[in-house]
Amino acid sequence: MNKTIAFLQSRKYELLLFALLQHLFIGVFLTDLEFYTRVVWPVNMLLLGLGSIFMFTGKHSWRHWLRNIHFIVVLLLPIGIPFFKDIPWYFTFLNINYVVFFAFLFVELLRFLLKPGYINTDIISASVCGYFLLIEISTFLLQAFEYHNPNSFKGIDTSSSASIFIDLVYFCSITFTSIGFGDITPNHHITKLVTAFIGIAGQFYTVILVGILLSKFTSKQ
């Protein structure tokens, strides 16, 4: 048992990366969006929580306990979607909690990346995780605006909560990569400015990340 935990601890960033990938892109393999909302999404959040838990193993600060309590909240929120899907404030509350949860993970990951002196597979995996965590934060932030004001975006499929999430994952991904196909566009001055900030944040993270990796590589050399 101890060996298993030690192995998982040594692969914590790979586990988090897998959890983020399946959470963001598992819709590629699904056609039933109702099943996605009722079953897959809660399971995704459970896997994501398990994938992130080893980042905090052995830490007993207030941040550790706050993260544990908040994880229980974000794990329970998707379970309530079938019962509260017609209540707008519920989705706003859900999205705000997800933004806080992923921002907390992102800050913890940055603390690791900024540690000086070496570069290895953990650094590479953590770097990729940081990119996907930014997409998670941006998706749920924009989703909160979309539920608050359904006219926040043009081109989004609003037939279900799953389709809104998938469309915004796509939108944030192409915004971060500076592709910008134009099929989904912000339609309100707030979402326009938030989208602009998201694009700048993605570019800034990329530049800073390159600097961190180069400094670690040269330090090791």
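Participant: Can you walk me through helix 3 (residues 33-53) in this structure?
Facilitator: Think of an α-helix as 3.6 residues a turn; residues three or four steps apart then line up on the same face. Taking 1.5 Å of rise per residue, 21 residues should cover 30 Å, and helix 3 covers 28 Å from first to last C-alpha, within 8% of that figure. Those residues of helix 3 not exposed but buried are Tyr-36, Thr-37, Val-40, Trp-41, Pro-42, Asn-44, Met-45, Leu-48, Gly-49, Gly-51 and Ser-52.

Participant: Any chance you could explain the nonpolar core here in plain terms?
Facilitator: Across soluble globular proteins, you tend to see nonpolar side chains buried next to one another. With 55 residues, the main nonpolar core has Phe-102 and Leu-109 as its most contacted residues. Sorting the residues of this core by element identifies helix 2 (12-25), helix 3, helix 4 (62-76), helix 6 (88-113), helix 7 (121-148), helix 8 (161-176) and helix 9 (189-220) as the ones contributing at least two each. Tallying contributions element by element places helix 6 first for this core, with 12 residues. Beyond its immediate stretch of four places on either side in the chain, Leu-109 contacts Leu-16, Met-55, Ala-126, Cys-129, Gly-130, Leu-133 and Tyr-205.

Participant: Looking at this structure, I do not really get the state of the cysteines. What am I missing?
Facilitator: As used in these notes, a disulfide is a covalent bond between sulfur atoms, one from each of two cysteines. All chains considered together, the criterion is met by 0 disulfides. Left without a disulfide partner, Cys-129 is nearest to the cysteine sulfur of Cys-172, which lies 18 Å away. Using a relative accessible area of 1% as the deciding quantity, one classes Cys-172 as buried.

Participant: How should helix 2 be read in this particular structure?
Facilitator: The terminal C-alpha atoms of helix 2, which comprises 14 residues, lie 20 Å apart, in line with the 20 Å expected from a rise of 1.5 Å per residue. Here helix 2 has its buried residues at Lys-12, Tyr-13, Leu-16, Leu-17, Ala-19, Leu-20, Gln-22, His-23 and Leu-24. Each element contacted by the buried residues of helix 2 is listed here: helix 1 (2-10), helix 3, helix 6, helix 7 and helix 8.

Conventions used here
Counting from 1, residues in each chain are numbered in the order their sequence is written. Whole-chain, interface and lining totals are the exception, using all residues; otherwise, since this is a predicted model, local features are given only for residues with pLDDT of at least 70 and side-chain atom pairs are given and counted only at 80 or more. Each side-chain value is derived from all of the structure's non-hydrogen atoms; neither hydrogens nor water enter the calculation. Comment: elements are numbered from the N terminus, with helices defined as DSSP H or I runs of at least four residues and strands as E runs of at least two. The span one expects for a helix is its residue count, reduced by one, times 1.5 Å. When accessible area is computed with a 1.4 Å probe and restricted to protein chains, residues below 20% of their type maximum are described as buried, those above 50% as exposed, and intermediate ones as partly exposed. Definition used in this section: a nonpolar core is a set of buried Ala, Val, Leu, Ile, Met, Phe, Trp, Tyr and Cys residues joined via side-chain atoms within 4.5 Å. Working rule for contacts: check all heavy atoms of both residues, and any pair within 4.5 Å makes them a contact. A pair of sulfur atoms, both from cysteines and within 2.5 Å, is called a disulfide here.

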